[in-house]
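Summary of structural features
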Amino acid sequence: MNRKLKLNLKILKLNDLNKLRSFISKNWKKNHILSKNKKFLIWQYYSSNNLNTAAATIKNKIIGLQMFIPQNHYDAALSKKEISLTIFRCIKSTIPGLSVKIFKFIISKIKPRFVGTTGFSHDMISFHEWQGFKIGLLKHHVAISPFKKKFLIAKIPKNIKKIRLINQTNTYKLIKLNNRNKKFFKNSKIYKNQIPRKSLNFIYKRYVNHISYKYLVYGLSYKKEILSICILRVIKKRNNSVIKIIDYIGKDQFLKKYNNLFVYLLKINSAEYIDFYSYGIKEKFILDAGLINRRKFKGLIIPEYFEPFVKKNINLMYGYINKTNSKVKIFKGDGDRDRPNYLF
């Protein structure tokens, strides 16, 4: 590199918006939603005059970037030091070690106590290990509908186990979040049980008031106290549908109590399956809820991509650095893993 060309590292501001969109279009994907749709980019990344993007520039031209979403983006009361890394891109053959420089800049600038990421490619595994991330594959479980005889989205081998109702006591109730009962969700202590930390305000801005997607938010209640929260999204493809568990807040053992809800949602939505990518929940409790491990059944295909649709299994990586004593739980809703490729 010419020594006269000075490398600058900075957090992008709102006046860098067009440069950011242009860089994504030229170096990531021409029709990427963040380059095409300014409204969505601002909704997901802009807060306090920052675009939550660490960029390397030379002569005011972006040559590499790492986008991220702090938890306080969705609730100002949450920590700005808990972040999820999202889009990363560097122009090849510019500066050796540029990706490390950008990552180190984020660490020095934000001083995060938690950094998480999902869905990175296999050629980035060594980079994340080098930077101190704990990495692995997200678990992938699925509940196959007992009401469907013909499956057009999934590929279901014969004689595979399908979800069934489990007898539950009437002590616990499942309630759907709305403006009338939200006070019970707000006062819950469950948000302190895991990291990245979430809150009712987070749930409203990230899920309930999402700019494009429609989410279902249910809470497990005992004597009007919310013990756990499960967030789902129905995906429709022509005359068929599937359901995805996007987030879960609360103790592992309460997941079992959602079994009847899962069966009910499969029936009323005529859905083929409910699937769940996760890290941090013991598999026993996922199986107790009626789901099966997708990777243990040969020939079972549970599609992940719908925009556009790809009929194949997808293994999603996870990685994190945790400097707290809280239990790490990572789901599809963290970061930008569950975001549209186009607005509806």
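Residues numbered from 1 in each chain as written. Predicted model: local features only at pLDDT ≥ 70, side-chain atom pairs only at ≥ 80, totals over all residues. Heavy atoms only, no water.

Another aspect to go through is the layout of surface pockets. What the second largest pocket holds in volume is close to 320 Å³. Residue lining of the second largest pocket: Ile-11, Ser-47, Ser-48, Asn-50, Asn-52, Phe-68, Pro-70, Asn-72, Lys-80, Lys-81, Lys-109 and Ile-110, and that is the complete set. Those elements that provide at least two residues to the lining of the second largest pocket are strand E2 (50-58), strand E3 (61-70) and helix H4 (98-110). (1 Å grid on protein atoms, 1.4 Å probe; cavity = no way out; pocket = protein on both sides within 12 Å on 5 of 7 lines; lining within 4 Å. Points joined across faces, edges and corners; volume = space filled by probe spheres on them. Helix = DSSP H or I, 4+ residues; strand = E, 2+ residues; numbered from the N terminus.)

Before going further, it helps to spend a moment on the pattern of salt bridges. For the structure shown, the criterion picks out 13 salt bridges. The residue Lys-10 makes a salt bridge to Asp-16 at a minimum N-O spacing of 3.5 Å. Counted as one network, the salt bridges with shared partners bring together Arg-233, Lys-244, Asp-275, Glu-304, Lys-332 and Asp-338. (Salt bridge = Lys/Arg side-chain N within 4 Å of Asp/Glu carboxyl O.)

Attention now moves to the packing of helix H1 (residues 17-27) against helix H3 (residues 38-45). Axis separation between H1 and H3 bottoms out at 12 Å; the angle between their running directions is 105 degrees. As judged from the angle between their axes, H1 and H3 are roughly perpendicular. Residues Leu-17, Leu-20 and Arg-21 of H1 pack against Lys-38, Leu-41 and Ile-42 of H3. Per-class residue counts for the contact of H1 with H3 are four nonpolar, no polar and two charged. (Axes fitted to C-alpha atoms, helices over the stretch in contact; angles between N-to-C directions. Parallel < 35°, antiparallel > 145°, perpendicular 65-115°, else oblique. Contact = heavy atoms within 4.5 Å. Nonpolar A, V, L, I, M, F, W, Y, C, P; charged D, E, K, R; others polar.)

Turning next to the sheet that holds strand E15 (residues 317-322). What the seven strands build is an open sheet, ordered E1-E2-E3-E4-E5-E15-E6; its pairing is mixed. Only two strands of the sheet have a single neighbouring strand rather than two, namely strand E1 (7-13) and strand E6 (134-137). The average angle at which neighbouring strand axes cross in this sheet is 25 degrees, direction not considered. Judged from the four bridges that link them, E6 and E15 form a sheet pairing that is antiparallel. Among the inter-strand pairings, Lys-134 is bridged to a residue of E15, identified as Tyr-320. Each of E1, E2, E3 and strand E4 (82-90) is contacted by H1, which is oriented at about 100 degrees to E3, the strand it contacts most. (Pairing = 2+ DSSP bridges.)

Take Thr-53: it is sitting in strand E2. Assessed through its relative accessible area of 0%, Thr-53 is described here as buried. One polar contact links the side chain of Thr-53 to the main-chain carbonyl oxygen of Leu-51, over a distance of 3.0 Å. In this structure Thr-53 touches Lys-10, Ile-11, Leu-12, Leu-20, Leu-65, Gln-66, Met-67 and Phe-68, once residues within four positions along its chain are discounted. (Buried < 20%, exposed > 50% of the residue type's maximum accessible area, 1.4 Å probe, protein only. Polar contact = N/O pair within 3.5 Å; in protein donor to acceptor, adjacent residues only side chain to side chain.)

Time to look at the packing of aromatic side chains. Tallied over the entire structure, the rule returns 19 aromatic pairs. Where Trp-43 meets Tyr-74, the ring centres are 6.1 Å apart and the plane angle is 55 degrees; that geometry is what we call tilted. Here Trp-43 is found in helix H3, whereas its partner Tyr-74 is found in the loop between E3 and E4, with 31 residues between them in sequence. For the pair Trp-43 and Tyr-74, a shared accessibility class is recorded, and that class is buried. Judged by centre distance (6.2 Å) and plane angle (75 degrees), the ring pair of Tyr-213 and Tyr-215 falls under edge-to-face. With respect to class, Tyr-213 is no different from Tyr-215; both count as buried. Members of the aromatic cluster, joined through ring pairs, are Phe-40, Trp-43, Tyr-74, Phe-202, Tyr-207, Tyr-213 and Tyr-215. Above the ring of Tyr-213, the side-chain terminus of Arg-233 is found at 3.7 Å from the ring centroid. (Phe/Tyr/Trp six-rings, centres within 6.5 Å; stacked < 30°, edge-to-face > 60°. Lys NZ or Arg CZ within 6 Å of the ring centre and 35° of its normal.)

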